[in-house]
Amino acid sequence: RVVARMAKQFVFPYRLKASWIPVFYGFCTWGAFMVCLFEVFSRKDHYEAAIRNHCKQPGEFMPSVSATTGDMFPERSMFFYGMALTSGPRLAMAALNYILFKEEQINADPEAKVSWWLNGFLTCLDIMRIFAAGLWIYVPSGQSLYIHNVGFVPYVLGSFIYSGLMCKLFHQVKIASVIAKGRTPSANDQRSYRWKLVFCIGQIGAFVSGMYFFTQHKMNCAVSAYSYYALLEWTVAFCNVAYDVVFYFDFKSIDLSFARGTKLT
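Re empty space enclosed by the protein
- What the rule picks out here adds up to two cavities of 30 Å³ or more.
- A volume near 70 Å³ is recorded for the largest cavity.
- What lines the largest cavity is simply S66, T69, G70, D71, F79, W136, I137, P140, S141 and H148.
- Of all the secondary-structure elements, those providing two or more residues to the lining of the largest cavity are helix 3 (65-70) and helix 5 (116-138).
- The residue makeup of the lining of the largest cavity, split by class, is four nonpolar, five polar and one charged.
- Considering only enclosed or pocket space, the second largest cavity measures out at about 40 Å³ in volume.
- As for the second largest cavity, its lining consists of A94, N97, Y98, F101, N119, L122, T123, D126, Y162 and M166.
- Taken together, the elements giving at least two residues each to the lining of the second largest cavity come down to helix 4 (75-107), helix 5 and helix 6 (145-180).
- Each residue belonging to the lining of the second largest cavity can be placed in one class, and the counts come to six nonpolar, three polar and one charged.

This is how it looks when you write it as structure tokens:
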């Protein structure tokens, strides 16, 4: 009698479109912002507390991002919960971007290759942004203004540098190198580059304009200057998140596969 031992591998594959990662990130982030904003506007006492400032002038109508998300309950708790959901997707996006551009560099012609350090630098900068965001989000200015700003300032400046250099890297790898080969960049790459430029310019322009109204508010207590500053701060926040959501176009060709195997003998 011959005893035969056979081993079979049963694999159950799970596929996830990588393009849904930035979509999920944007949904959670914008959702957290909008829920907090709705909660503030729906409660008179919270709304009045959110627009109150040292000038004590009538005419203010818009609360700032920090006053909306970090100063009151339950808004603060809801915002914390929403941001916690985004941490995994954001780290995954940083890793996918590094892999994506690394592959493009390997496949590119020598004269079209981008310096290896730029891709690595942008990945490190993006990870720094993620942890800096965690610092200013989870330590509101009302608890510790110094620690809050230690996270907020590097996050804002890092976001501007990251978005500008990413546009440069994307154009060189995905647009210029393709045109140099006599081909036309894909529709997704063209859309991605166009919207990256729009949101990059949008957040920087809104920030610079916001600084003008913030100065008018702090130095001169100009009427409604605080509210105009708050509107521009919300614009910066929207463009900042939207810039990362645009990676949807970059990840459309990527599938993430997961498998679970069991061995039978």
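Let's pick the thread back up.
Digging into the environment of V35
- Along the chain, V35 falls in helix 1 (residues 20-42).
- Note: C-alpha distance between V35 and M78 (43 residues apart in sequence) is 7.7 Å.

Observations regarding a nonpolar patch on the surface
- A cluster of nonpolar residues, Y14, L16, W20 and F258, forms a patch on the protein surface that exposes about 450 Å² of accessible area.
- Its location among the elements puts Y14 in strand 1 (residues 8-17).

Some thoughts on the pattern of salt bridges
- Counted by the stated rule, this structure contains seven salt bridges.
- Here D126 ties to R90 by a salt bridge, and the two come within 2.5 Å at their closest N and O atoms. Of this pair, D126 sits in helix 5 while R90 sits in helix 4, placing them 36 residues apart in sequence.
- Here D126 falls in the buried class, since its relative accessible area comes to 1%.
- A relative accessible area of 6% places R90 in the buried class.
- For the salt bridge of R129 with D126, the shortest nitrogen-to-oxygen distance reads 2.9 Å.

Description of the side chain of S163
- If you trace the backbone, S163 turns up in helix 6.
- In this view, S163 contacts C200, Q203 and Y243; residues no more than four positions away in its chain are not counted.

Things to note about the side chain of T29
- Considering the arrangement of structural elements, one finds T29 in helix 1.
- By relative accessible area, which is 3% here, T29 ends up buried.
- The residues contacting T29, other than those within four sequence positions of it, are M83, T86 and V241.

What to know about the packing of helix 1 against helix 8 (residues 225-245)
- Two elements in contact, helix 1 and helix 8, have axes separated by 8 Å at closest approach and are oriented at 160°. Taken together, helix 1 and helix 8 sit at an angle that is classed as roughly antiparallel. The interaxial crossing formed by helix 1 with helix 8 has left-handed handedness. Here P22, Y25, G26, T29, W30, F33, M34 and L37 of helix 1 come into contact with helix 8, specifically with W234, A237, F238, V241, A242, D244 and V245.

Comments concerning the packing of aromatic side chains
- Going through the model one piece at a time under the given rule, you end up with 20 aromatic pairs.
- Seen in terms of ring centroids, W30 and F238 are 5.2 Å apart; in terms of plane orientation they differ by 20°. Their pairing is stacked. Linking W30 in helix 1 with F238 in helix 8, this pair joins segments that are 208 residues apart in sequence.
- For F238, a relative accessible area of 44% corresponds to the partly exposed category.
- Between Y248 and F249 the ring centres are 5.4 Å apart and the planes differ by 75°, which places this aromatic pair in the edge-to-face class.
- An aromatic cluster is defined as three or more aromatic residues linked by ring pairs; in this entry it consists of W30, W195, F199 and F238.
- The lysine or arginine in question, R90, covers the ring of Y25, its NZ or CZ lying 5.6 Å from the ring centre.
- The ring of F170 has K196 sitting right over it, with the charged end atom 4.4 Å from the ring centre.

Parameters and conventions
Residues numbered from 1 in each chain as written. Predicted model: local features only at pLDDT ≥ 70, side-chain atom pairs only at ≥ 80, totals over all residues. Heavy atoms only, no water. 1 Å grid on protein atoms, 1.4 Å probe; cavity = no way out; pocket = protein on both sides within 12 Å on 5 of 7 lines; lining within 4 Å. Points joined across faces, edges and corners; volume = space filled by probe spheres on them. Helix = DSSP H or I, 4+ residues; strand = E, 2+ residues; numbered from the N terminus. Nonpolar A, V, L, I, M, F, W, Y, C, P; charged D, E, K, R; others polar. Patch = residues over 30% accessible without salt bridge, like charges linked within 9 Å, V, L, I, M, F, W, Y side chains within 5 Å. Areas by Shrake-Rupley, 256 points an atom, 1.4 Å probe, with all protein chains shown as cover. Salt bridge = Lys/Arg side-chain N within 4 Å of Asp/Glu carboxyl O. Buried < 20%, exposed > 50% of the residue type's maximum accessible area, 1.4 Å probe, protein only. Contact = heavy atoms within 4.5 Å. Axes fitted to C-alpha atoms, helices over the stretch in contact; angles between N-to-C directions. Parallel < 35°, antiparallel > 145°, perpendicular 65-115°, else oblique. Left-handed = near helix turned anticlockwise from the far one by under 90°. Phe/Tyr/Trp six-rings, centres within 6.5 Å; stacked < 30°, edge-to-face > 60°. Lys NZ or Arg CZ within 6 Å of the ring centre and 35° of its normal.

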